[in-house]
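Structural characterization, general
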Amino acid sequence: MIKKTDEQISIPMVVDVPFEFAAGQYLSRALTELRDNGKFFGVKCPKCGRVQLPPRIVCAECHVKNEEWVELGLEGKLKAFTIMYLPLTDPTTGKPHNPPFVYGSVQLDGATSVLDHLVSMEPDLDKIWVGMRLRIILRPPQERIGDLSDILYFEPLPGQKKPA
Ligand SMILES: [Zn+2]
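I will try to describe carefully the structure that is included in this document. Small disclaimer: the values here were computed from a predicted structure and weren't measured.

Considering all chains together, one arrives at six salt bridges under this definition. For the salt bridge of Lys127 with Glu122, the shortest nitrogen-to-oxygen distance reads 2.9 Å. Beyond isolated ion pairs, a larger network of salt bridges with shared partners links Glu75, Asp109 and Arg133.

We now examine the coordination of the zinc ion. The coordination sphere of the zinc ion contains the protein donors Cys45 (SG), Cys48 (SG), Cys59 (SG) and Cys62 (SG), at a distance range of 2.3 Å. Positions of the donor residues of the zinc ion, expressed as sequence spacing, correspond to C-x2-C-x10-C-x2-C. You can see Cys45 sitting in the loop between strand 1 (40–44) and strand 2 (51–52) and its partner Cys59 sitting in the loop between strand 2 and strand 3 (68–72), a full 14 residues away along the chain. Overall, the relative accessible area of 2% leaves Cys45 in the buried class.

With 14 residues, helix 1 (residues 24–37) extends 19 Å from end C-alpha to end C-alpha; this agrees with the ideal 20 Å at 1.5 Å per step. Within helix 1, the full set of buried residues consists of Tyr26, Leu27, Ala30, Leu31 and Leu34. The buried residues of helix 1 occupy an angular sector of 120 degrees when the element is viewed end-on, so they sit on one face. For helix 1, the elements touching its buried residues are strand 1, strand 3 and strand 9 (133–138). Looking one or two places after helix 1, you find Gly38, whose phi comes out positive at around 65 degrees.

By size, the foremost hydrophobic cluster in this structure holds 25 residues, and its most contacted members are Phe40, Leu72, Leu108, Leu115 and Phe154. Setting aside residues no more than four positions away along its own chain, Leu115 makes contact with Phe40, Leu53, Gly104, Ser105, Val106, Leu108, Ile136, Ile151 and Phe154. Listed in part, the five residues of the second largest apolar core include Tyr26, Ala30, Phe41 and Val43.

Turning our eyes to something else, we now look at the sheet that holds strand 1. Taken in spatial order, the three strands line up as 2-1-3 in an open sheet, and their pairing is antiparallel. Bordering the open sheet on either side are strand 2 and strand 3, each of which pairs with just one other strand. Here strand 1 pairs with strand 3 via five bridges, running antiparallel. Bridging from a neighbouring strand, Phe40 pairs with Leu72 of strand 3.

A few words now on unusual backbone geometry. In this structure, Pro54 follows Leu53 across a cis peptide bond, with omega equal to 0 degrees. Relative to the assigned elements, Pro54 resides in the loop between strand 2 and strand 3. In this structure, Pro100 follows Pro99 across a cis peptide bond, with omega equal to -5 degrees. Topologically, Pro100 is positioned in the loop between strand 6 (96–97) and strand 7 (101–108). Even without being a glycine, His63 presents a positive backbone phi close to 60 degrees. When you line up the elements, His63 lands in the loop between strand 2 and strand 3. When its relative accessible area of 62% is taken as the criterion, His63 is described as exposed.

Cut-offs used in this document
- Residues numbered from 1 in each chain as written.
- Predicted model: local features only at pLDDT ≥ 70, side-chain atom pairs only at ≥ 80, totals over all residues.
- Heavy atoms only, no water.
- Salt bridge = Lys/Arg side-chain N within 4 Å of Asp/Glu carboxyl O.
- Donors = N, O, S within 2.8 Å, 3.2 Å for Na, K, Ca; no water.
- Helix = DSSP H or I, 4+ residues; strand = E, 2+ residues; numbered from the N terminus.
- Buried < 20%, exposed > 50% of the residue type's maximum accessible area, 1.4 Å probe, protein only.
- Expected span 1.5 Å × (residues − 1).
- Arc of directions from axis to C-beta.
- Contact = heavy atoms within 4.5 Å.
- Core = buried A, V, L, I, M, F, W, Y, C linked by side-chain atoms within 4.5 Å.
- Pairing = 2+ DSSP bridges.

So, in structure tokens, the structure goes:
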């Protein structure tokens with residue numbers, strides 16, 4: 001018979017689980033455009049009209065097939081943000097980001113959904129606001145590999161002032 005114990009035993013370990021998955025037909029097409037042409041494409045739902053990025057075969061709201069491809073802008077609007085005060089390991093690079101830094105949800109022009117990514121700017125609440133305009137900064141064309149790490153960061157468009 002096993003005795004009950006209050007002793008808490010911890011077992012330290014490092015788990016390294018490299019993996020890859022097939023991007024699928026739609027995401028592969030979008031990532032190829034990103035890698036080869038520096039362009040972003042979403043798909044438009046024929047029923048509700050929302051434009052999804054990353055593109056999905058089926059609208060998650062209407063459950064109908066998306067077949068219309070829409071080229072999106074390389075600029076967009078900050079929809080939400082946080083200032084990170086803890087280190088974060090970038091899942092696409094494995095490299096840490098040193099805090100504090102800004103992480104934002106950006107709606108590219110023409111898209112309904114958002115991309116979450118680093119925003120290269122001073123983490124100062126007096127200089128950042130929901131609705132500010134940002135542009136996307138990509139790796140140089142010869143360095144792109146066709147995944148989201150081709151996006152280096154977003155940065156604010158110059159000449160903006162925080163609304164009073
Ligand atoms: Zn829909």
